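A structural walkthrough
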Amino acid sequence: MADRGFSATMETALSASEATLALLCYLDWSGGAVRCWSGNGDLSYGGYTWTGVGELGGIDKITDSMDKSDIGVTLILNYLDDDLRNEVVTNDSVGRDASLTLALVDSSDRSVTDAYEIFTGFIDQCEIQDAGSTGALSIRLASELARLRRPKFFQLTSAHQQ
């Protein structure tokens, strides 16, 4: 296995025939932080409660690059009520922080025994896919490198000239 900076505990778990792994997703939503994970129910980690999305979520493949190219990933978060959709419509979260963490979970007491951040970046796009009574959010995350490549637009005012 390529050296990714995993701890010995994580290396052992990834090499084992059985391990309980979870994906934790943090989105710095403008209306408040969203912390969800790939299982069901609540999970406690890092002093926060992570809400399980179970089958209500999905994630695209995370690529790796050695040539400093932009790396991104798309998350799909299904919703049954309009609260999440309304949050996207009323608050612009583009440009805010996001991260994905691979967690090793002890299935006996649902505690995180080890974790490794596999992606850090920001919310690049958020698209609503409405299907009547249900829908989904397609959230594209971009790596920090993409933030550096974006042009910075600003307008000079008389205050800048003083």
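Residues numbered from 1 in each chain as written. Predicted model: local features only at pLDDT ≥ 70, side-chain atom pairs only at ≥ 80, totals over all residues. Heavy atoms only, no water.

A short note on unusual backbone geometry
The line we're drawing: Helix and strand definitions here come from DSSP, where helices need a minimum of 4 consecutive H or I residues and strands a minimum of 2 consecutive E residues; each element is numbered from the N-terminal end. Each residue is placed in one exposure class: buried if its accessible area under a 1.4 Å probe, protein chains only, is under 20% of its type's maximum, exposed if it is over 50%, and partly exposed if it falls in between.
Here Arg110, not a glycine, exhibits a phi torsion of approximately 55°, which is positive. Looking at where Arg110 falls in the secondary structure, it is placed in the loop between β7 (97-106) and β8 (111-131). When its relative accessible area of 38% is taken as the criterion, Arg110 is described as partly exposed.

Let's talk about the confidence of the model for the protein chain
Rules: The predictor's confidence in any single residue is recorded as pLDDT, a number from 0 to 100.
With 82% of its residues at a pLDDT of at least 70, the protein chain reaches an overall mean of 81. Mean pLDDT across the elements of the protein chain bottoms out in helix α4 (residues 158-161) (68) and peaks in strand β3 (residues 42-45) (92).

A look at the pattern of salt bridges
Quick note on the threshold: Any Lys or Arg side-chain nitrogen located within 4 Å of an Asp or Glu carboxyl oxygen qualifies as a salt bridge.
According to the stated counting rule, one finds one salt bridge in the structure shown. The partner of Asp28 in a salt bridge is Arg96, with the nearest N and O atoms 3.4 Å apart. Of this pair, Asp28 sits in the loop between β1 (21-27) and β2 (34-37) while Arg96 is found in the loop between α2 (83-90) and β7, placing the two residues 68 residues apart along the sequence. We classify Arg96 as partly exposed; its relative accessible area is 30%.

Let's talk about the pairing of strand β9 (residues 134-143)
To keep it simple, the criterion reads: Only strands that DSSP links by at least two bridges are regarded as paired with each other.
Most of β9 is tucked away: eight of the 10 residues are buried. Here strand β6 (residues 72-79) runs beside β9; their pairing, made up of eight bridges, is antiparallel. Bridge pairing in β9 places Val73 opposite Leu141. Bridge analysis of β8 against β9 gives 10 bridges, and the strand direction is antiparallel. Note on β9: the bridge partner recorded for Ile123 is Leu141. With antiparallel pairing between neighbouring strands as the criterion, β8 and β9 make up a hairpin whose turn holds two residues, including Gly132 at a positive phi of roughly 85°.

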